[in-house]
Amino acid sequence: QVQLVESGGGLVQTGDSLRLSCAASERSFSTYTMGWFRQAPGKEREFVAAVARSGGTYYADSVKGRFTISRDNPKNTVYLQMNTLKADDTAVYYCAAGSKPWRIVTTSDAYDYWGQGTQVTVSS
């Protein structure tokens, strides 16, 4: 059982930056694909970004060029650097870990473990 703990959320203004972190409990962290999802009030949870075991990345169109996902395997941690934040980025952000095929990485089905979420609020 992998436990994931997100941190780094908060209240920022439009145009600001924020870095989210997700610490995993497992030493097998390096074997998982790691993803970030978000859920805004009244909306479905949506894919944000993913990083493969190899380090390859994939982003939702809405965040491409503004967000960067990265992983530090020795620290069992995945990061989401968020720049040029917009009001539409306001959501609870969830970290996830999975071992399913990369081709479904944008779907919740690709992930076996989820964190509790961290709130990001972007004020305009």
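Numbers given to residues run from 1 along each chain, matching the order in which its sequence is written. With pLDDT at 70 or above as the cut-off, local features in this predicted model cover only qualifying residues; side-chain atom pairs require 80 or more to be listed or tallied, and sums for whole chains, interfaces and linings still use all residues. Excluded from the side-chain calculation are hydrogens and water; included are all heavy atoms of the structure.

1. Some points on the state of the cysteines
Here, two cysteine sulfur atoms that lie within 2.5 Å of each other are counted as a disulfide. If you walk through the whole model with that rule in mind, you get one disulfide. Between the sulfur atoms of Cys22 and its disulfide mate Cys95 the distance is 2.1 Å. Note on the Cys22 and Cys95 pair: the S-S dihedral is about -75°, so by sign convention the disulfide is left-handed. Here Cys22 is found in strand E3 (residues 18-24), whereas its partner Cys95 is found in strand E9 (residues 91-98), with 73 residues between them in sequence. A helix here means a DSSP run of H or I that spans at least four residues, while a strand means a run of E at least two residues long, and both kinds are numbered starting from the N terminus.

2. Examining the pattern of salt bridges
Side chains that carry opposite charge are capable of pairing whenever their charged atoms lie near each other. Note on definitions: salt bridges are taken to be side-chain nitrogens of Lys or Arg within 4 Å of carboxyl oxygens of Asp or Glu. The final tally for this structure, using the stated rule, is five salt bridges. Its salt-bridge partner being Asp89, residue Arg38 comes within 2.9 Å of it at the nearest N-O pair. Of this pair, Arg38 sits in strand E4 (residues 33-39) while Asp89 sits in the loop between strand E8 (77-82) and E9, and the two are 51 residues apart along the sequence. Pair check on accessibility: Arg38 and Asp89 agree, each one buried. For Asp89, the salt bridge goes to Arg66, with nearest N and O atoms at 2.8 Å. Of this pair, Asp89 sits in the loop between E8 and E9 while Arg66 sits in the loop between strand E6 (57-59) and strand E7 (67-72), placing them 23 residues apart in sequence. When a residue's accessible area, from a 1.4 Å probe over protein chains only, is under 20% of the maximum for its type it is buried; when over 50% it is exposed; and in between it is partly exposed.

3. Considering the side chain of Arg38
Residue classification places Arg38 among the buried residues on the basis of a relative accessible area of 6%. What qualifies as a polar contact is a pair of N or O atoms within 3.5 Å, subject to a donor-acceptor requirement within protein and to the restriction that residues adjacent in sequence count only when both atoms come from side chains. There is a polar contact of 2.9 Å between the side chain of Arg38 and the side chain of Asp89. Side chain to side chain, Arg38 and Tyr93 meet in a polar contact 2.9 Å long. Two residues qualify as a contact provided that any one of their heavy atoms is within 4.5 Å of a heavy atom in the partner residue. Look past the residues within four positions of Arg38 in its chain and what remains in contact with it is Glu44, Arg45, Glu46, Val48, Ser62, Val63, Phe67, Asp88, Asp89, Ala91, Val92 and Tyr93.

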